[in-house]
Structure formats: structure tokens, C-alpha cells
Amino acid sequence: MHIPKASMVVGLAALLSTAMVPSPTYAKDLVIGVSFDKIEPFRVAEQKALDEAIAAQKAKQSFANADKDAQRQASQVETMVSQGVSAIVAIPWDIEAANDLARTTIAAGIPFVSLDQAPSDLKSVTYHVGGDPCADGKVAGEFFVKAAAGKPFKLLELQGGLANDNGIRRSKCLDDALKAAPNIAIVAQVPTDWNPQKALAGTEDTLQAHPDLAGIYAPWNDALQGVFSVLKAKGKLVAVGDPKHLVIVSIDGTPLGCKAVRDKLIDLEIATPLPEMAKRAVAAAVKASQGGKIDPQAEFLPGIPYGPGDVDTMASKIWGCQS
Amino acid sequence: MNEQTSLQPLAKVDSDRPRTWNFAAVAKLPMLPVLVLAFIALSVSVDGFASAANLANMARLFAPLVIAGIGMTFVFLLGEIDLSVGSVLGLASVLGAFVMRSTDSVWLGVAVIVTTGAAIGAFNGLVIARFRFSSFVHTLSVLVTARAIAMLITGGHSVGRLPVAALQFGRGSFLALPNLLWVAIFIYALAHLLLRYTVTGRQFFLVGANRRGAVFAGLAVPRTRFLAFLFSGTLAGVAAACIVLRLGSGGPILGDNLLLMAIASVVLGGTSVFGGEGGVFRTATGALVVVMLDKGLNLLGLEFYDQAIVMGLVIILGSALGGHLYRRRTGRP
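Residues numbered from 1 in each chain as written. Chains lettered and ligands numbered in written order. Predicted model: local features only at pLDDT ≥ 70, side-chain atom pairs only at ≥ 80, totals over all residues.

1. A short note on the confidence of the model for chain A
Averaged over every residue, the pLDDT of chain A is 89; the share at 70 or more is 91%. Overall, residues 1-27 of chain A carries pLDDT values under 50, and its contacts beyond four positions in sequence, including any with other chains, amount to 44 contacts. (pLDDT = per-residue confidence, 0-100. Contact = placed C-beta atoms within 7 Å.)

2. Observations regarding the environment of Ala315 of chain A
Note that Ala315 of chain A resides in the segment after α11 (311-314). When the C-alpha atoms of Ala315 of chain A and Cys258 of chain A are compared, they prove to be 8.4 Å apart, with 57 residues separating the residues in sequence. (Helix = DSSP H or I, 4+ residues; strand = E, 2+ residues; numbered from the N terminus.)

3. Side note on unusual backbone geometry
Here the bond from Asp295 of chain A into Pro296 of chain A is cis, since omega is 0°, no more than 30 degrees from zero. Note that Pro296 of chain A resides in the loop between α10 (274-289) and β11 (298-301). With a phi close to 70°, Asp116 of chain A is a non-glycine residue in the positive phi region. You can see Asp116 of chain A is positioned in the loop between β4 (112-115) and β5 (127-131). Within the chain, Arg161 of chain B stands out as a residue other than glycine whose phi angle is a positive 55°. Within the secondary structure layout, Arg161 of chain B lies in the loop between α7 (135-154) and α8 (164-170). A residue is classified by how many C-beta atoms lie within 10 Å of it, and Arg161 of chain B, with 14 of them, is partly exposed. (Buried ≥ 20, exposed ≤ 12 C-beta atoms within 10 Å, placed from the backbone.)

4. Quick notes on the sheet that holds β11 of chain A
Paired through their backbone hydrogen bonds, the strands of a sheet run either parallel or antiparallel. Residues and elements named next belong to chain A. Spatial strand order, β2-β1-β3-β4-β5-β11: six strands in an open sheet with parallel pairing. Of all strands in the sheet, those with a lone pairing partner are β2 (60-65) and β11, marking the two edges. Direction aside, the axes of adjacent strands within the sheet are offset by 15° on average. Sheet topology note: the strand β1 (residues 31-36)/strand β3 (residues 87-90) ladder contains four bridges and is parallel. Looking at the pairing, Gly33 lines up with Ile88 of β3. Where helix α3 (residues 70-83) meets the sheet, it contacts β1, β2 and β3, and its direction lies at approximately 175° from that of β1. (Pairing = 2+ DSSP bridges. Axes fitted to C-alpha atoms, helices over the stretch in contact; angles between N-to-C directions.)

Next up, the structure:
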């Protein structure tokens, strides 16, 4: 039995050595527990913004990623509570479960700040700061109405995660804004679950069925990768102003979005004010952990719209244009 | 230590069962030494890992996973797979949460959750056993359909604001153990007794080891296949109830991660994906390893990507080790 024994010894030794890495202790430090719902490019940017905001407050950080699992997020937050962190800044995965998670955390004497995704009951958290998905969706809708200029206009609406507040409201408020323009027909609504490959497939299918498609709504920047692939293959990836150009509006403000605007491949980008959100979230978490009163209890920061015409003047305000 | 290999006559299986700890016994439970050593190592190296709060936290994470894993074990014992578990869990949680919220009755909601799981499990069992559909293809289609229905009902939102009593049970304890762990222990005991002491239970091993032989031996093969999927669906429902009671909400994608983790628990524990070999104790050890690594690596401060790599390596090494030990013991190629 030498082979299995050897395998077991090697495996266990590896596990043991991993486990022997010293763990952080937070006894007397100001420590912010950061709980993310998932990791993707936008979240990485949010993590970087939080890192900077936490460092500016001279605090330490305990980070956990729930990987799209509400149960795991609850467990990770409970662990942070038992570790005695000073406050928690969380991007909730399940906006209903977040209510009870926040309440039990606050009952344990630890402030709970939600970032980006609002829990369904804002009163359950110490403080919330996020973008305004409805305002962003509305701005996008109004831009399409203006671009259509009363003429028949076929629009493809890519949708983000339909189990996600940002995804749902970016879609709903776009649709509400378009109700005022009967000339605009949404020929396809494609749920993508924030997956660029699904955005690619949805764009391909829609262009096949509607070669005269006039516009595409990509409610998060990563979708642009899939959209551009299809448009390039069809010879329609051309700059704003070209007769073959499709009107494209996107949301987020990542470096990818900024580059697309600078390359004049999209008409409008709505940038989430991410560094400001992170600063406010951490400041509120620190203040609440020191017994300070938080007022207002919730803030929604609308996105910053910019396009090829004003990208150079707006670049200093757009986080994705600075990297 | 009551796992068995059913290629042998039942009487012989009993007499061969190891009564004391020895290598042969450990070889049937490849994750047990990993579990023990990992627990010791993490307890020594991670502040608060072995604290009561963290152990209770892990127990609440472990309970739904092992319950769903036990259900999956019945299916794996037959050499089948049930991919619908995660979506069934999501749909059942949504329906039960709606009932809880509208009637203010926690137990009526729980009954709806478990009944939904059982109904879909019975449907799966009927189609697969009676009409001989491929379990992979059929349960994949149920995965997609159940998820879509749950999305349709909720519009993608989770269903929360449940009665306070739901959370009181889900986060409460009895005799120093979390209530959810008691539920898992109860389910484990039932499954163990069924597989160990009943003719029906033993038929899972016999049918899984050699379905054609089982048919010629006059065993109730369709009934056994039906029961496997019925148990899997029902226990997915019980797991859903545990999660709803813990989180205070149900959601259409609540079970997406649980499916893979349940499969990992079964395979890591040492139950054969080809059927005929395995059991619920093995699944429990596999689930414990999954939960312990999940919590331990996170507490160690490892980056998410590093955690995923370590978890993946453990699953690969664990399943390879289990497979190797199984082949050595049984002489199967």
C-alpha cells in the first residue's frame, strides 16, 4: 500500500503546511470586515477603491468573497462578527437575506454598511451607499429616445442578472423611459446573468433576426466585449457618426468602457462614482464603529454620463479613465 | 464505518465489515484522516477556528450541504446523477417562503418546501425509472426548467420578510447544538438505518453494482431507481428548508452553488460515481472536509483564487485517492 500512503502523506503535508500560515489577529486594531457577493472585473475595481479608502482611514481589513452564495455570505459575516471586527462593509448577494444578516450583526454591536447593492429594507442597515440603477437606466432610455428622433428604431436590450437588484432596475427603468417613445421597439430582451458570452450570443441572434437593428443597451461594460465581437464580424463595429454605426449605451465606467468611448465605439457611458461610494462607505463604517451617528442613512449616487464629445473634459471624474 | 461493497453476498458483507480501526477501514473513508488532520492543523493555526461560535457557524453551513449530499448519495449508489438538486432547492425555497410570508406559518412553509422537493423527485424518479430516460439529460432539463419557473414566479427577486420564528429556529440551538445540525443528524440516522438494515437499502448497492444482474436476480430495479430520485428531491427540499430558516429568505438561485458542493461531498467522501460503492458516512466526511476547507482557508486570509485552487486540488487528490483505494480493494480495473 505504499502508493496510497505516500499520496495521503503528500496531500496531508500540503494541507498542513497551508494551514500553518499565520492568521491575522485583530484584537486592538480598527478592522473593517469586507464581504463581497462575487468577484468580477467591476468588483475588483470596487475592492481596490475600498482598499484605498480603508488605508486612508488607517484601518485594517478582513476580506471574504461569497461567490454568489447567500448562505456562504451569511456564514462569512458571522465569522467576522465572532472575530470581533469593528464594522462590516458588505455587497449583499441576496437583498432579502441581507436584512436579517444586517440586523443580527448590528444586534451584536457591529455596524453593518451595505455598498452598491441595497438590501430590500434600507432601515435594516447602519448605512447604505450605492449607485442609482434606476436613474442610470432612465438616462440610458432618454438617450435612446433622443437618438431615435421620432423615427422607427429597433433596440436590443441586454439585461444583467435578473436575480439582482442592479440588473432588475437598470432594465425596468430603461423600459419605463422608453414607454414615452412608441417609435422605439425593443425587439429582444436577453437575460445574461452578467455573462459576456450570453451577451455575445444574444447580440448575434438578434442581429440575425433583425439586420436593421439600430441600437444596443449594454447595462454593464463587460457586455461590450461580446457585443463588439459580433459587430466586428458583421462589419458594424464602426465609429459614432458612420452610417453603419449602431447606437450603444453602457453603464459602469470601467477602463473598458472609457476606452470604448475614446475609440468612439459607443455613444454614451454612464460611470458609477465608485471611489466616492467606497470612501463614503468606509467613512460611515468607521464613524459608526466609534459610536458616531450616521445621517443620512442611505445615499444613492447617480452615474456620470459622458460620451465621445466630452470624454477628455470628463476624464478626471471617471475612475475608469484614470488607469 | 458501516459502508459496504455490494458485489459480495450480503451475509459475507456483514462478516467482512471491519470491527476495529485498521488501514482497510480507513481506505474506505479516504477523507477521514484528511478531516482529522485538517481540523487539528486549523485549530492550532487559526485564531478562533475551534471556538464555539465558529463551530456552530460551520455546523449551520454543513447541515444543508450534508442533507443534499445524502440525497445525492442514493442516486450515486445507482451510478446515476441528479443535476436538478440546486434548482429544485431554489424553486422549493421560493414557494415555501411565499407561503410562510402570506400565512405567517413557518411549518406550513416548511411542509410546502419539502413537498415540492418530494414532488419533483418523484417526477424525476418516474421518468427515469419508468420511461428509462437518461438521468443526466432528464435532470439537466429539470434543472433549467425549475430555475426558469422560480425566476418567473419571483421576477428574479428573493422572497424575504419571513416570520421571526423562522430565523429563531434556523439560528437557534438545542442542547448546545444548532437546530439545523439536529435536523441533519436525524436525516443521517434515517438514511444510515435504511441503507444498513433494510432490504430496500441494500438493493441500492446491488442494483448500482450490477443492474443487469439485479434484474435477473429479481430485484425491484425500477422501484429502487424511483426511490433514489424521490429521496434526492425530498432531501433537496429539506436542505432548502434549512437554508430558508437560516437566511430568512428563499431565492431562485439559492441552490446553484450547493449542487456542485453536494456532488463534491459525495465524491470526496469516497462514494463511487459508477455505483454500488459508498454510503452516507462517507458523504458526511466529504461534506465536513468541504465546509472545513471553505471556512478554514477563508479564516487563514487566503485570496479567493487561492482558496478555489486549494479546494480544487483537494477534490482532485481526494477523488483520485478514493478511486485508487477502491480499485485496489475490489480488484476492479
